[in-house]
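Analysis of the macromolecular model
Residues per chain, in single letters:
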Amino acid sequence: MKTYDVRTHGCQMNVHDSERLAGLLETAGYVDVASVPSAERPEAADVVVFNTCAVRENADNKLYGNLGQLRPAKLRNPDMQIAVGGCLAQKDRSTIVDKAPWVDVVFGTHNIGSLPALLDRARHNKRAEVEILESLETFPSTLPTRRDSAYSAWVSISVGCNNTCTFCIVPSLRGKEADRRPGEILAEIEALVAQGVVEVTLLGQNVNTYGVEFGDRLAFGKLLRACGEIEGLERVRFTSPHPAAFTDDVITAMAETRAVMPSLHMPLQSGSDAVLKRMRRSYRSAKFLGIIDRVREQIPDAAITTDIIVGFPGETEEDFQGTLDVVRASRFSSAFTFQYSIRPGTPAATMDDQVPKAVVQERYDRLLAVQEEVSWAENRTLEGRTVEVLVATGEGRKDAETHRLSGRARDNRLVHFAVPEGAERPRPGDVVSVDVTYGAPHHLVADSALRGGTYAVRRTAGGNAWESLQDQPEPGRPQVSLGMPSVGRPPAPAPAPACR
(Lines give C-alpha, C1' and ligand atoms only; values in the text may rest on other atoms or scores of the structure.)
Protein backbone atom coordinates (compact mmCIF):
# COMPACT_ATOMS: atom_id res chain seq x y z
CA MET A 1 0.00 0.00 0.00
CA LYS A 2 1.52 3.30 -1.17
CA THR A 3 0.51 6.42 0.76
CA TYR A 4 0.32 10.10 -0.12
CA ASP A 5 0.21 13.39 1.79
CA VAL A 6 -0.88 16.64 0.10
CA ARG A 7 0.11 19.77 2.02
CA THR A 8 -1.66 22.96 0.98
CA HIS A 9 -0.61 26.58 1.34
CA GLY A 10 -2.47 29.65 0.11
CA CYS A 11 -5.89 30.51 -1.22
CA GLN A 12 -9.15 28.63 -1.78
CA MET A 13 -8.06 27.94 -5.36
CA ASN A 14 -5.10 25.99 -4.00
CA VAL A 15 -7.36 24.13 -1.55
CA HIS A 16 -9.57 23.05 -4.45
CA ASP A 17 -6.53 22.13 -6.58
CA SER A 18 -5.33 19.95 -3.71
CA GLU A 19 -8.64 18.08 -3.77
CA ARG A 20 -7.87 17.29 -7.41
CA LEU A 21 -4.30 16.25 -6.61
CA ALA A 22 -5.68 13.87 -3.98
CA GLY A 23 -8.17 12.50 -6.50
CA LEU A 24 -5.41 11.92 -9.07
CA LEU A 25 -3.20 10.10 -6.57
CA GLU A 26 -6.02 7.89 -5.30
CA THR A 27 -6.97 7.05 -8.88
CA ALA A 28 -3.33 6.05 -9.41
CA GLY A 29 -3.56 3.64 -6.46
CA TYR A 30 -2.22 5.70 -3.55
CA VAL A 31 -3.95 5.96 -0.15
CA ASP A 32 -4.17 9.09 1.98
CA VAL A 33 -1.71 8.63 4.83
CA ALA A 34 -4.28 10.23 7.19
CA SER A 35 -6.57 7.23 6.60
CA VAL A 36 -3.95 4.75 7.85
CA PRO A 37 -4.39 3.77 11.54
CA SER A 38 -1.90 5.70 13.64
CA ALA A 39 -0.20 2.52 14.86
CA GLU A 40 0.51 1.51 11.23
CA ARG A 41 1.22 4.97 9.81
CA PRO A 42 4.70 5.38 8.27
CA GLU A 43 7.18 8.07 9.35
CA ALA A 44 6.41 9.91 6.10
CA ALA A 45 4.11 9.15 3.20
CA ASP A 46 5.50 7.49 0.07
CA VAL A 47 4.56 10.61 -1.88
CA VAL A 48 4.49 14.06 -0.27
CA VAL A 49 3.10 16.91 -2.39
CA PHE A 50 3.51 20.58 -1.51
CA ASN A 51 0.87 22.75 -3.21
CA THR A 52 2.52 26.14 -2.80
CA CYS A 53 1.56 29.81 -2.77
CA ALA A 54 3.76 32.69 -3.93
CA VAL A 55 1.65 35.51 -2.47
CA ARG A 56 2.47 35.29 1.21
CA GLU A 57 5.65 36.72 2.71
CA ASN A 58 8.56 34.30 2.97
CA ALA A 59 6.65 31.64 1.01
CA ASP A 60 9.91 30.29 -0.42
CA ASN A 61 11.60 30.14 3.00
CA LYS A 62 8.64 28.18 4.35
CA LEU A 63 8.81 25.73 1.46
CA TYR A 64 12.54 25.10 1.75
CA GLY A 65 12.21 24.73 5.50
CA ASN A 66 9.57 22.05 5.02
CA LEU A 67 11.63 20.34 2.34
CA GLY A 68 14.64 20.34 4.66
CA GLN A 69 12.61 18.65 7.38
CA LEU A 70 11.75 15.84 4.93
CA ARG A 71 15.30 15.25 3.76
CA PRO A 72 16.23 12.78 6.56
CA ALA A 73 13.12 10.69 5.79
CA LYS A 74 14.08 10.71 2.10
CA LEU A 75 17.61 9.53 2.95
CA ARG A 76 16.19 6.69 5.03
CA ASN A 77 13.72 5.76 2.29
CA PRO A 78 15.13 6.49 -1.19
CA ASP A 79 11.87 5.24 -2.76
CA MET A 80 9.97 8.12 -1.15
CA GLN A 81 9.02 10.86 -3.63
CA ILE A 82 8.59 14.58 -3.01
CA ALA A 83 6.68 16.83 -5.44
CA VAL A 84 6.29 20.60 -5.45
CA GLY A 85 3.44 22.28 -7.34
CA GLY A 86 1.40 25.47 -7.26
CA CYS A 87 2.28 29.12 -7.74
CA LEU A 88 5.76 29.02 -6.24
CA ALA A 89 6.65 26.08 -8.46
CA GLN A 90 5.34 27.99 -11.48
CA LYS A 91 7.54 30.96 -10.49
CA ASP A 92 10.78 29.28 -9.38
CA ARG A 93 10.80 26.21 -11.64
CA SER A 94 14.23 24.55 -11.74
CA THR A 95 15.47 26.71 -8.86
CA ILE A 96 13.61 24.38 -6.52
CA VAL A 97 15.64 21.36 -7.66
CA ASP A 98 18.87 23.37 -7.44
CA LYS A 99 18.16 24.32 -3.83
CA ALA A 100 16.60 21.00 -2.83
CA PRO A 101 18.02 18.28 -5.09
CA TRP A 102 16.13 15.59 -3.18
CA VAL A 103 12.87 16.83 -4.77
CA ASP A 104 11.59 14.42 -7.43
CA VAL A 105 8.92 16.41 -9.29
CA VAL A 106 8.16 20.08 -9.93
CA PHE A 107 4.92 20.95 -11.73
CA GLY A 108 3.04 24.18 -12.33
CA THR A 109 -0.45 25.61 -11.92
CA HIS A 110 -1.43 24.65 -15.47
CA ASN A 111 -0.56 20.95 -15.41
CA ILE A 112 -1.63 19.46 -12.09
CA GLY A 113 -3.09 16.56 -14.07
CA SER A 114 0.47 15.49 -15.00
CA LEU A 115 1.48 14.61 -11.44
CA PRO A 116 1.03 10.80 -11.54
CA ALA A 117 2.90 10.53 -14.86
CA LEU A 118 5.70 12.78 -13.63
CA LEU A 119 6.10 10.64 -10.50
CA ASP A 120 6.34 7.50 -12.64
CA ARG A 121 8.83 9.16 -14.98
CA ALA A 122 11.02 10.38 -12.10
CA ARG A 123 10.96 6.89 -10.56
CA HIS A 124 11.93 5.26 -13.87
CA ASN A 125 14.58 7.80 -14.91
CA LYS A 126 15.93 8.24 -11.36
CA ARG A 127 16.11 12.00 -11.76
CA ALA A 128 14.00 15.04 -11.01
CA GLU A 129 11.26 15.81 -13.50
CA VAL A 130 10.30 19.47 -14.01
CA GLU A 131 7.28 20.28 -16.18
CA ILE A 132 5.84 23.79 -16.26
CA LEU A 133 3.25 24.69 -18.87
CA GLU A 134 2.82 28.34 -19.77
CA SER A 135 -0.93 28.21 -20.28
CA LEU A 136 -3.91 26.07 -19.35
CA GLU A 137 -4.71 23.31 -21.84
CA THR A 138 -7.53 21.49 -20.05
CA PHE A 139 -9.78 23.01 -17.39
CA PRO A 140 -8.97 21.32 -14.05
CA SER A 141 -12.61 20.34 -13.44
CA THR A 142 -12.06 17.41 -15.82
CA LEU A 143 -9.78 15.79 -13.23
CA PRO A 144 -10.92 13.36 -10.51
CA THR A 145 -11.47 14.99 -7.12
CA ARG A 146 -11.27 13.87 -3.49
CA ARG A 147 -13.40 16.45 -1.67
CA ASP A 148 -12.76 17.31 1.97
CA SER A 149 -16.45 17.71 2.82
CA ALA A 150 -19.57 15.62 2.23
CA TYR A 151 -21.96 18.58 2.37
CA SER A 152 -19.94 21.54 1.01
CA ALA A 153 -17.93 21.91 -2.20
CA TRP A 154 -15.79 24.29 -4.22
CA VAL A 155 -16.69 24.87 -7.88
CA SER A 156 -14.26 26.72 -10.16
CA ILE A 157 -15.96 28.87 -12.77
CA SER A 158 -12.79 30.46 -14.15
CA VAL A 159 -9.03 30.45 -13.72
CA GLY A 160 -6.48 33.17 -14.30
CA CYS A 161 -6.66 36.95 -14.07
CA ASN A 162 -6.62 39.81 -16.58
CA ASN A 163 -5.72 42.52 -14.05
CA THR A 164 -2.26 43.98 -13.47
CA CYS A 165 -2.23 44.96 -9.78
CA THR A 166 1.30 46.09 -8.98
CA PHE A 167 1.51 44.11 -5.73
CA CYS A 168 0.31 40.79 -7.17
CA ILE A 169 2.23 38.08 -8.97
CA VAL A 170 -0.74 35.77 -9.50
CA PRO A 171 -1.60 36.82 -13.12
CA SER A 172 1.88 35.85 -14.31
CA LEU A 173 1.55 32.46 -12.59
CA ARG A 174 -2.09 31.57 -13.26
CA GLY A 175 -2.27 33.21 -16.70
CA LYS A 176 -5.07 35.09 -18.43
CA GLU A 177 -8.65 34.45 -17.41
CA ALA A 178 -10.25 31.36 -18.90
CA ASP A 179 -13.99 30.80 -18.35
CA ARG A 180 -15.97 27.57 -18.28
CA ARG A 181 -19.22 27.18 -20.14
CA PRO A 182 -22.24 27.87 -17.89
CA GLY A 183 -23.72 24.47 -18.72
CA GLU A 184 -20.59 22.70 -17.48
CA ILE A 185 -20.65 24.62 -14.20
CA LEU A 186 -24.33 23.92 -13.58
CA ALA A 187 -23.90 20.25 -14.48
CA GLU A 188 -21.09 19.96 -11.94
CA ILE A 189 -23.21 21.61 -9.24
CA GLU A 190 -26.15 19.33 -10.03
CA ALA A 191 -23.84 16.31 -9.74
CA LEU A 192 -22.57 17.56 -6.38
CA VAL A 193 -26.12 18.11 -5.09
CA ALA A 194 -26.99 14.56 -6.14
CA GLN A 195 -24.14 13.42 -3.86
CA GLY A 196 -25.59 15.35 -0.89
CA VAL A 197 -23.83 18.72 -1.22
CA VAL A 198 -26.03 21.56 0.07
CA GLU A 199 -23.51 24.42 -0.18
CA VAL A 200 -21.18 25.44 -3.01
CA THR A 201 -18.60 28.21 -3.26
CA LEU A 202 -17.96 29.54 -6.76
CA LEU A 203 -14.26 30.20 -7.29
CA GLY A 204 -12.37 32.54 -9.59
CA GLN A 205 -9.39 34.85 -9.33
CA ASN A 206 -11.86 37.62 -10.23
CA VAL A 207 -15.05 35.66 -9.98
CA ASN A 208 -17.40 38.46 -11.08
CA THR A 209 -15.59 39.04 -14.38
CA TYR A 210 -16.90 35.62 -15.43
CA GLY A 211 -18.11 35.90 -19.01
CA VAL A 212 -15.32 38.15 -20.28
CA GLU A 213 -13.99 35.36 -22.47
CA PHE A 214 -17.28 34.92 -24.31
CA GLY A 215 -18.37 38.55 -24.27
CA ASP A 216 -21.27 38.52 -21.78
CA ARG A 217 -20.94 41.22 -19.12
CA LEU A 218 -24.02 39.91 -17.29
CA ALA A 219 -22.92 36.26 -17.26
CA PHE A 220 -22.11 36.12 -13.54
CA GLY A 221 -25.52 37.42 -12.47
CA LYS A 222 -27.15 34.91 -14.81
CA LEU A 223 -25.06 32.13 -13.28
CA LEU A 224 -26.10 33.07 -9.73
CA ARG A 225 -29.79 33.03 -10.76
CA ALA A 226 -29.36 29.65 -12.48
CA CYS A 227 -27.74 28.21 -9.35
CA GLY A 228 -30.83 29.28 -7.42
CA GLU A 229 -32.97 27.07 -9.64
CA ILE A 230 -31.11 23.87 -8.73
CA GLU A 231 -33.35 21.88 -6.42
CA GLY A 232 -31.63 20.83 -3.22
CA LEU A 233 -28.91 23.49 -3.35
CA GLU A 234 -29.39 25.56 -0.21
CA ARG A 235 -26.41 27.90 -0.14
CA VAL A 236 -24.27 29.60 -2.78
CA ARG A 237 -21.39 31.96 -2.10
CA PHE A 238 -18.48 33.18 -4.19
CA THR A 239 -14.95 34.52 -3.89
CA SER A 240 -13.32 36.80 -4.75
CA PRO A 241 -14.94 39.59 -6.77
CA HIS A 242 -13.19 42.76 -7.96
CA PRO A 243 -14.82 46.13 -7.18
CA ALA A 244 -14.04 47.53 -10.65
CA ALA A 245 -16.23 44.93 -12.37
CA PHE A 246 -18.95 44.59 -9.73
CA THR A 247 -22.28 45.44 -11.36
CA ASP A 248 -25.68 46.34 -9.97
CA ASP A 249 -27.04 43.29 -11.79
CA VAL A 250 -24.93 41.03 -9.53
CA ILE A 251 -26.31 42.80 -6.45
CA THR A 252 -29.86 42.30 -7.72
CA ALA A 253 -29.15 38.63 -8.51
CA MET A 254 -27.87 38.14 -4.95
CA ALA A 255 -30.94 39.82 -3.49
CA GLU A 256 -33.42 37.92 -5.68
CA THR A 257 -31.88 34.45 -5.39
CA ARG A 258 -32.76 32.76 -2.10
CA ALA A 259 -29.87 30.30 -2.26
CA VAL A 260 -27.24 33.04 -2.61
CA MET A 261 -25.94 33.82 0.86
CA PRO A 262 -26.09 37.42 2.15
CA SER A 263 -22.32 37.31 2.37
CA LEU A 264 -19.89 39.30 0.25
CA HIS A 265 -16.10 39.45 0.26
CA MET A 266 -15.14 42.75 -1.41
CA PRO A 267 -11.36 43.44 -1.40
CA LEU A 268 -10.63 47.10 -0.62
CA GLN A 269 -6.80 46.92 -0.38
CA SER A 270 -6.59 50.66 0.45
CA GLY A 271 -8.94 53.54 1.17
CA SER A 272 -6.58 56.08 -0.41
CA ASP A 273 -7.18 56.98 -4.05
CA ALA A 274 -3.48 57.80 -4.47
CA VAL A 275 -2.47 54.37 -3.20
CA LEU A 276 -5.15 52.61 -5.27
CA LYS A 277 -3.72 54.34 -8.34
CA ARG A 278 -0.19 53.12 -7.51
CA MET A 279 -1.61 49.65 -6.89
CA ARG A 280 -3.22 49.87 -10.35
CA ARG A 281 -6.60 49.06 -8.86
CA SER A 282 -9.10 50.43 -11.36
CA TYR A 283 -11.59 51.90 -8.85
CA ARG A 284 -11.49 54.61 -6.23
CA SER A 285 -12.81 54.84 -2.67
CA ALA A 286 -16.04 56.61 -3.70
CA LYS A 287 -16.92 53.79 -6.12
CA PHE A 288 -16.11 51.19 -3.47
CA LEU A 289 -18.34 52.85 -0.88
CA GLY A 290 -21.07 53.18 -3.50
CA ILE A 291 -21.02 49.41 -4.03
CA ILE A 292 -21.27 48.84 -0.28
CA ASP A 293 -24.23 51.23 -0.05
CA ARG A 294 -26.10 49.58 -2.92
CA VAL A 295 -25.51 46.10 -1.49
CA ARG A 296 -26.96 47.19 1.85
CA GLU A 297 -29.94 48.85 0.14
CA GLN A 298 -30.97 45.55 -1.43
CA ILE A 299 -29.49 43.14 1.16
CA PRO A 300 -29.72 44.96 4.52
CA ASP A 301 -28.38 42.04 6.55
CA ALA A 302 -25.38 41.33 4.31
CA ALA A 303 -22.11 40.57 6.09
CA ILE A 304 -19.34 42.22 4.08
CA THR A 305 -15.69 41.24 4.51
CA THR A 306 -12.57 42.61 2.85
CA ASP A 307 -8.80 42.50 2.28
CA ILE A 308 -6.55 45.44 3.24
CA ILE A 309 -2.84 46.03 2.67
CA VAL A 310 -1.04 48.39 5.06
CA GLY A 311 2.21 50.14 4.18
CA PHE A 312 2.15 49.97 0.38
CA PRO A 313 5.08 51.92 -1.12
CA GLY A 314 4.50 55.65 -0.85
CA GLU A 315 1.64 55.34 1.65
CA THR A 316 1.53 58.48 3.80
CA GLU A 317 -0.20 59.02 7.11
CA GLU A 318 -2.95 60.84 5.20
CA ASP A 319 -3.33 57.83 2.88
CA PHE A 320 -3.61 55.52 5.88
CA GLN A 321 -6.23 57.75 7.47
CA GLY A 322 -8.22 57.36 4.25
CA THR A 323 -8.16 53.60 4.77
CA LEU A 324 -9.40 53.98 8.35
CA ASP A 325 -12.20 56.27 7.13
CA VAL A 326 -13.40 53.70 4.57
CA VAL A 327 -13.20 50.89 7.15
CA ARG A 328 -15.39 52.85 9.56
CA ALA A 329 -17.87 53.78 6.82
CA SER A 330 -18.06 50.26 5.34
CA ARG A 331 -18.77 48.51 8.65
CA PHE A 332 -17.03 45.30 7.58
CA SER A 333 -17.98 42.26 9.62
CA SER A 334 -14.33 41.20 9.40
CA ALA A 335 -11.19 42.01 7.44
CA PHE A 336 -8.13 40.10 6.31
CA THR A 337 -5.33 42.58 6.97
CA PHE A 338 -1.78 42.33 5.65
CA GLN A 339 1.44 44.24 6.09
CA TYR A 340 2.91 45.01 2.67
CA SER A 341 6.08 43.09 1.93
CA ILE A 342 8.13 43.02 -1.24
CA ARG A 343 7.25 40.27 -3.71
CA PRO A 344 10.07 39.84 -6.24
CA GLY A 345 8.77 40.03 -9.78
CA THR A 346 6.03 42.57 -9.06
CA PRO A 347 6.18 46.25 -10.11
CA ALA A 348 5.70 47.36 -6.49
CA ALA A 349 8.92 45.62 -5.48
CA THR A 350 11.02 48.27 -7.21
CA MET A 351 8.91 51.31 -6.33
CA ASP A 352 10.46 54.21 -4.44
CA ASP A 353 9.34 55.24 -0.96
CA GLN A 354 9.15 51.80 0.61
CA VAL A 355 7.55 52.37 4.04
CA PRO A 356 9.77 51.52 7.05
CA LYS A 357 8.82 48.31 8.84
CA ALA A 358 8.24 50.09 12.16
CA VAL A 359 5.77 52.51 10.54
CA VAL A 360 3.94 49.65 8.81
CA GLN A 361 3.64 47.77 12.10
CA GLU A 362 2.28 50.78 13.96
CA ARG A 363 -0.34 51.47 11.28
CA TYR A 364 -1.24 47.79 11.13
CA ASP A 365 -1.87 47.73 14.89
CA ARG A 366 -4.12 50.80 14.60
CA LEU A 367 -6.07 49.25 11.74
CA LEU A 368 -6.61 46.05 13.71
CA ALA A 369 -7.92 48.05 16.67
CA VAL A 370 -10.42 49.95 14.49
CA GLN A 371 -11.62 46.83 12.69
CA GLU A 372 -11.92 44.92 15.96
CA GLU A 373 -14.15 47.69 17.29
CA VAL A 374 -16.30 47.67 14.14
CA SER A 375 -16.58 43.86 14.03
CA TRP A 376 -17.57 43.68 17.67
CA ALA A 377 -20.22 46.40 17.29
CA GLU A 378 -21.65 44.72 14.19
CA ASN A 379 -21.84 41.31 15.88
CA ARG A 380 -23.50 42.80 18.98
CA THR A 381 -26.40 43.99 16.78
CA LEU A 382 -27.27 40.32 16.16
CA GLU A 383 -27.85 39.49 19.82
CA GLY A 384 -31.38 38.21 20.27
CA ARG A 385 -31.82 37.29 16.61
CA THR A 386 -32.55 33.77 15.39
CA VAL A 387 -29.94 32.53 12.93
CA GLU A 388 -29.86 29.46 10.70
CA VAL A 389 -26.58 27.57 11.14
CA LEU A 390 -25.13 24.98 8.77
CA VAL A 391 -23.36 22.65 11.20
CA ALA A 392 -19.74 21.99 10.24
CA THR A 393 -16.72 20.00 11.33
CA GLY A 394 -13.49 21.70 12.32
CA GLU A 395 -14.99 25.17 12.88
CA GLY A 396 -14.98 25.15 16.69
CA ARG A 397 -11.57 24.39 18.13
CA LYS A 398 -12.89 24.59 21.69
CA ASP A 399 -16.20 22.77 21.16
CA ALA A 400 -15.13 19.83 23.33
CA GLU A 401 -14.29 22.15 26.22
CA THR A 402 -17.38 24.37 25.88
CA HIS A 403 -19.79 21.51 25.05
CA ARG A 404 -20.97 23.40 21.96
CA LEU A 405 -21.24 22.66 18.25
CA SER A 406 -20.26 25.11 15.54
CA GLY A 407 -21.16 26.15 12.02
CA ARG A 408 -21.83 29.07 9.72
CA ALA A 409 -24.88 31.33 9.64
CA ARG A 410 -26.37 32.25 6.28
CA ASP A 411 -24.21 35.38 6.21
CA ASN A 412 -21.13 33.14 6.79
CA ARG A 413 -20.54 34.34 10.36
CA LEU A 414 -19.09 31.67 12.64
CA VAL A 415 -21.60 30.53 15.30
CA HIS A 416 -20.90 28.41 18.39
CA PHE A 417 -24.17 27.04 19.80
CA ALA A 418 -25.28 24.93 22.76
CA VAL A 419 -27.35 21.75 22.48
CA PRO A 420 -29.94 21.30 25.27
CA GLU A 421 -29.67 18.10 27.28
CA GLY A 422 -31.78 15.38 25.73
CA ALA A 423 -32.39 17.37 22.51
CA GLU A 424 -31.73 16.03 19.03
CA ARG A 425 -28.06 16.40 18.14
CA PRO A 426 -27.49 17.66 14.59
CA ARG A 427 -25.02 16.07 12.24
CA PRO A 428 -22.46 18.04 10.21
CA GLY A 429 -24.38 19.19 7.14
CA ASP A 430 -27.65 19.61 9.04
CA VAL A 431 -29.19 23.03 9.72
CA VAL A 432 -30.01 24.37 13.19
CA SER A 433 -32.01 27.46 14.16
CA VAL A 434 -30.76 29.12 17.35
CA ASP A 435 -30.91 32.51 19.11
CA VAL A 436 -27.74 34.58 19.37
CA THR A 437 -26.90 35.38 23.00
CA TYR A 438 -23.57 37.15 22.54
CA GLY A 439 -21.74 38.82 19.66
CA ALA A 440 -17.97 38.50 20.08
CA PRO A 441 -15.54 40.26 17.72
CA HIS A 442 -14.88 37.16 15.63
CA HIS A 443 -17.88 34.88 16.23
CA LEU A 444 -21.39 34.57 17.64
CA VAL A 445 -22.46 32.54 20.67
CA ALA A 446 -25.94 31.02 20.78
CA ASP A 447 -26.67 29.45 24.18
CA SER A 448 -30.30 30.48 24.64
CA ALA A 449 -31.51 26.90 24.02
CA LEU A 450 -30.21 26.03 27.49
CA ARG A 451 -32.81 28.43 28.90
CA GLY A 452 -35.76 27.53 26.69
CA GLY A 453 -34.76 29.62 23.66
CA THR A 454 -35.07 28.62 20.02
CA TYR A 455 -33.56 25.28 19.10
CA ALA A 456 -34.74 23.50 15.95
CA VAL A 457 -32.86 20.89 13.93
CA ARG A 458 -33.55 20.35 10.23
CA ARG A 459 -32.01 17.20 8.84
CA THR A 460 -30.63 17.68 5.33
CA ALA A 461 -29.21 15.70 2.45
CA GLY A 462 -25.82 17.05 3.55
CA GLY A 463 -26.21 15.47 6.97
CA ASN A 464 -27.31 12.21 5.34
CA ALA A 465 -24.22 12.27 3.11
CA TRP A 466 -21.95 12.87 6.10
CA GLU A 467 -23.58 10.06 8.10
CA SER A 468 -23.29 7.60 5.22
CA LEU A 469 -19.50 8.05 5.26
CA GLN A 470 -18.87 7.26 8.91
CA ASP A 471 -17.62 3.75 8.15
CA GLN A 472 -14.89 5.05 5.84
CA PRO A 473 -11.18 5.14 6.83
CA GLU A 474 -11.57 8.94 7.00
CA PRO A 475 -15.11 9.30 8.41
CA GLY A 476 -17.20 11.94 6.70
CA ARG A 477 -14.85 12.46 3.75
CA PRO A 478 -16.18 11.43 0.31
CA GLN A 479 -14.42 9.01 -1.97
CA VAL A 480 -12.96 10.08 -5.30
CA SER A 481 -15.46 11.44 -7.81
CA LEU A 482 -14.71 11.49 -11.52
CA GLY A 483 -14.06 14.80 -13.23
CA MET A 484 -16.69 16.56 -15.27
CA PRO A 485 -16.47 16.13 -19.06
CA SER A 486 -15.64 19.26 -21.01
CA VAL A 487 -17.59 20.50 -24.03
CA GLY A 488 -14.92 22.88 -25.21
CA ARG A 489 -14.12 26.51 -24.61
CA PRO A 490 -16.88 29.14 -24.82
CA PRO A 491 -17.23 30.70 -28.26
CA ALA A 492 -15.43 33.98 -28.84
CA PRO A 493 -17.67 37.07 -29.13
CA ALA A 494 -18.83 37.76 -32.66
CA PRO A 495 -16.79 40.47 -34.44
CA ALA A 496 -18.46 43.84 -34.93
CA PRO A 497 -19.84 44.40 -38.45
CA ALA A 498 -17.53 46.34 -40.75
CA CYS A 499 -18.39 49.97 -41.51
CA ARG A 500 -19.65 50.70 -44.97
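Whatever comes next refers back to the structure up there.
Residues numbered from 1 in each chain as written. Predicted model: local features only at pLDDT ≥ 70, side-chain atom pairs only at ≥ 80, totals over all residues. Heavy atoms only, no water.

1. Remarks on the overall build of the protein chain
Put simply, the rule reads: Under the scheme used here, helices are H or I runs from DSSP no shorter than 4 residues and strands are E runs no shorter than 2 residues, and both carry numbers assigned from the N terminus. Only the C-alpha atoms count toward the radius of gyration. The rule for a globule is 2.2 Å times the residue count to the power 0.38. Burial classification: accessible surface area is computed with a 1.4 Å probe over protein chains only, and a residue below 20% of its type maximum counts as buried, one above 50% as exposed, and the rest as partly exposed. By definition, residues are in contact when any of their heavy atoms lie within 4.5 Å. Computed with the Shrake-Rupley method and a 1.4 Å probe, the accessible areas treat only the protein chains shown as cover for residues. Neither His nor the chain ends is counted toward charge; the positive residues are Lys and Arg and the negative residues Asp and Glu. A single reference atom marks each charge: NZ on Lys, CZ on Arg, CG on Asp, CD on Glu.
Across its full length, the protein chain holds 15 helices and 21 strands. In terms of overall size, the protein chain behaves like a compact globule, its C-alpha atoms giving a radius of gyration of 23 Å where 500 residues would be expected to give roughly 23 Å. The buried share of the protein chain, taken over its 500 residues, is 56%. Taking contacts inside the protein chain between residues at least 6 apart in sequence as the whole, the part at least 24 apart equals 75%. For the protein chain, the accessible area works out to roughly 22200 Å², and carbon and sulfur atoms hold 51% of it. Separation between the mean location of the 58 positive side-chain charges and that of the 65 negative ones in the protein chain comes to 3 Å.

2. Quick look at the sheet that holds strand E3 (residues 47–52)
Heads up, the condition is: Note on pairing: DSSP must find at least two bridges between two strands before they are called paired.
Pairing within the open sheet is parallel, and its six strands lie in the order E2-E1-E3-E4-E5-E6. One side of each edge strand has no neighbouring strand; the edge strands of this open sheet are strand E2 (31–32) and strand E6 (129–131). Bridge analysis of strand E1 (residues 3–8) against E2 gives two bridges, and the strand direction is parallel. The residue of E2 that forms the bridge with Thr 3 is Val 31.

3. Focus on the packing of aromatic side chains
We apply this condition: Two rings from Phe, Tyr or Trp (for Trp, the six-membered ring) form a pair when their centres sit within 6.5 Å of each other. Planes less than 30 degrees apart are called stacked, planes more than 60 degrees apart edge-to-face, and all others tilted.
Under the definition given, this model contains six aromatic pairs. Here Tyr 210 and Phe 214 contribute two aromatic rings whose centre-to-centre distance is 5.5 Å and whose plane-to-plane angle is 75°, an arrangement assigned as edge-to-face. As far as burial versus exposure is concerned, Tyr 210 and Phe 214 are alike and both buried. Taking the centre distance of 5.4 Å and the plane angle of 70° together, the rings of Phe 312 and Tyr 340 count as edge-to-face. Taken as a pair, Phe 312 in the loop between strand E13 (303–310) and helix H12 (317–330) and Tyr 340 in the loop between strand E14 (334–339) and helix H13 (357–380) lie far apart in primary sequence, 28 residues in all. When its relative accessible area of 0% is taken as the criterion, Phe 312 is described as buried. The class of Tyr 340 is buried, set by a relative accessible area of 13%. Put simply, the rings of Phe 167, Phe 312 and Tyr 340 pair up and form one aromatic cluster.

4. Considerations on unusual backbone geometry
Omega for the peptide link from Thr 239 to Ser 240 comes to -10°, which places this bond in the cis form. In this structure, His 403 takes a positive phi of about 60° despite not being glycine. Residue placement: His 403 occurs in the loop between helix H14 (399–402) and strand E16 (404–408). For His 403, a relative accessible area of 65% corresponds to the exposed category. Located in the positive-phi region is Asn 412, a residue other than glycine, with phi close to 75°. With respect to the secondary-structure elements, Asn 412 resides in the loop between E16 and strand E17 (414–418).

5. Some details on the sheet that holds strand E11 (residues 235–239)
Pairing between the strands of a sheet is mediated by backbone hydrogen bonds and can be parallel or antiparallel. Going by this rule: In this analysis, axes come from line fits to C-alpha atoms, helices being fitted only over the stretch in contact, and the angle between any two N-to-C directions falls in the range 0 to 180 degrees.
Strand order in the open sheet formed by three strands is E7-E10-E11, with parallel pairing between adjacent strands. Two strands close off the open sheet at either side, each with one partner strand: strand E7 (152–156) and E11. Strand-to-strand twist in this sheet, taken as the mean axis angle between neighbours without regard to direction, amounts to 25°. Of the pairings in the sheet, the one linking E7 to strand E10 (residues 199–203) comprises five bridges and is parallel in character. Paired with Ser 156 across the strands is Leu 203, a residue of E10. Those strands touched by helix H1 (residues 12–27) are E7, E10 and E11, and its axis lies near 100° from that of E7. Along the sheet, helix H7 (residues 182–194) makes contact with E7 and E10, crossing E7 at roughly 165°.

6. Re the layout of surface pockets
As a reminder, the rule being used: Cavity: a set of points on a 1 Å grid over the protein atoms alone where a 1.4 Å probe fits but cannot get out. Pocket: an open set with protein on both sides within 12 Å along at least five of seven lines, its lining residues, like those of a cavity, having an atom within 4 Å of a point. Grid points are joined across faces, edges and corners, and a volume is the space filled by probe spheres set on the points. Any residue outside Ala, Val, Leu, Ile, Met, Phe, Trp, Tyr, Cys, Pro, Asp, Glu, Lys and Arg is labelled polar, Gly included; the first ten of those are nonpolar and the last four are charged.
Of the voids in this model, the second largest pocket is the one considered here, and its volume is about 320 Å³. If you trace the second largest pocket, you find 16 residues lining it, with Pro 78, Asp 79, Met 80, Gln 81 and Arg 123 closest to the centre. Considering only residue class, the lining of the second largest pocket consists of seven nonpolar, one polar and eight charged.

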